[in-house]
Amino acid sequence: MQTVAVIDYGMGNLHSVAKALEHVGAGKVLITSDANVIREADRVVFPGVGAIRDCMAEIRRLGFDSLVREVSQDRPFLGICVGMQALLDSSEENDGVDCIGLFPGQVKFFGKDLVEDGEHLKVPHMGWNEVKQKVSHPLWHDIPDLARFYFVHSYYIAAANARQVVGGGHYGVDFAAALADGSRFAVQFHPEKSHTHGLQLLQNFAAWDGRW
């Protein structure tokens, strides 16, 4: 049976992610902060919620920045929400935070006065939003284009490499909802909270060989 390591650095929605992975038959799901267990896993999930400064402080304290760089190179790797944002170069949050730098680009604040068509949009962006599939990818298998996923975020990803943007969202501004490069895939939304389409994405991840 394959193993899926859900990285525990104290800042993720770990149990709901793990339960969703178990629900789709992903294999033996391990919530762990043990670097050796993570290295030995067949697949790795990197969730995250909260403030990016606190997240990055814990990630660096535990040495998970270098560990994430290592394990995401040679097996299926999925970043979720702040776990996705942590993979970028930097974030505007907390007056600027350096991140892991696996995907070029910056995490930017939606702003306090986000307006579209004369309507003030609430920040954080919270709720269901369409995701436009930019390219074909194994993790989009059996998920229709413009499927709706559940988002909770005040900051959005402005990707520097458009070829890595495999899913786009719009909330006042266009933003990267999904990024991919090799065996790495990352989403701003919460698949574990996104019902049928979110579970399909996790099932696709469980079956993916990491090639694209």
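Calculation criteria
- Residues numbered from 1 in each chain as written.
- Predicted model: local features only at pLDDT ≥ 70, side-chain atom pairs only at ≥ 80, totals over all residues.
- Heavy atoms only, no water.
- UniProt positions renumbered as here; feature names shortened; annotations may be inferred.
- Disulfide = S-S within 2.5 Å.
- Helix = DSSP H or I, 4+ residues; strand = E, 2+ residues; numbered from the N terminus.
- Buried < 20%, exposed > 50% of the residue type's maximum accessible area, 1.4 Å probe, protein only.
- Contact = heavy atoms within 4.5 Å.
- Polar contact = N/O pair within 3.5 Å; in protein donor to acceptor, adjacent residues only side chain to side chain.
- Arc of directions from axis to C-beta.
- Pairing = 2+ DSSP bridges.
- Axes fitted to C-alpha atoms, helices over the stretch in contact; angles between N-to-C directions.

- As annotated in an unreviewed UniProt entry, the protein carries the name Imidazole glycerol phosphate synthase subunit HisH and comes from Pseudomonas mohnii.
- What UniProt states about the protein under its Subcellular location (unreviewed entry) heading is, verbatim, "Cytoplasm".
- Reading the Function (unreviewed entry) entry of the UniProt record for the protein gives the comment "IGPS catalyzes the conversion of PRFAR and glutamine to IGP, AICAR and glutamate. The HisH subunit catalyzes the hydrolysis of glutamine to glutamate and ammonia as part of the synthesis of IGP and AICAR. The resulting ammonia molecule is channeled to the active site of HisF."

1. Overview of the state of the cysteines
Reasoning step 1: Tallied over the entire structure, the rule returns zero disulfides.
Reasoning step 2: The cysteine Cys81 is free of any disulfide, with Cys55 supplying the nearest cysteine sulfur at 9.0 Å.

2. Considerations on the environment of Ser194
Reasoning step 1: Tracing the backbone through its elements, the reader meets Ser194 in the loop between strand E15 (184-187) and helix H6 (195-207).
Reasoning step 2: We classify Ser194 as buried; its relative accessible area is 2%.
Reasoning step 3: Note: C-alpha distance between Ser194 and Leu146 (48 residues apart in sequence) is 13 Å.
Reasoning step 4: Aside from chain neighbours lying at most four places away, what touches Ser194 is Trp128, Phe149, Tyr150 and Phe189.
Reasoning step 5: A polar atom in the side chain of Ser194 sits 2.9 Å from the backbone nitrogen of Tyr150.

3. Description of helix H1 (residues 14-23)
Reasoning step 1: When H1 is considered as a whole, its buried residues turn out to be Leu14, Val17, Ala18, Ala20 and Leu21. For H1, the buried positions fall inside an angular range of 160° around the axis, keeping them on one side. Facing away from the buried surface of H1 by more than 90 degrees, the exposed residues are His15, Lys19 and His23.
Reasoning step 2: Gly25 sits one or two residues past H1 and shows a positive phi near 75°.

4. Points about the side chain of Asn204
Reasoning step 1: Summarising the element assignment, Asn204 is placed in helix H6.
Reasoning step 2: By relative accessible area, Asn204 is classed as buried at 7%.
Reasoning step 3: Beyond its immediate sequence surroundings of up to four residues, Asn204 is in contact with Pro138, Leu139, Trp140, His141 and Ile143.

5. Description of the sheet that holds strand E2 (residues 28-32)
Reasoning step 1: Strands sit in the order E2-E1-E3-E4-E15-E14-E13-E10-E11 across an open sheet of nine strands; the sheet is mixed. Two strands lie at the open edges of the sheet, namely E2 and strand E11 (147-153), each paired on one side alone. In this sheet, adjacent strand axes meet at a mean angle of 25° when their direction is disregarded.
Reasoning step 2: In this structure, strand E13 (residues 165-171) lies alongside strand E14 (residues 173-181), joined through six bridges in antiparallel fashion. In the sheet register, Tyr171 faces E14, and the bridge partner there is Val173.

6. Concerning the UniProt feature "domain: Glutamine amidotransferase" (unreviewed entry) in the protein
Reasoning step 1: Sites flagged by UniProt as "domain: Glutamine amidotransferase" (unreviewed entry) map to residues 6-205.
Reasoning step 2: Strand forms 34% of residues 6-205 and helix 24%; the C-alpha atoms that close the span are 13 Å apart.

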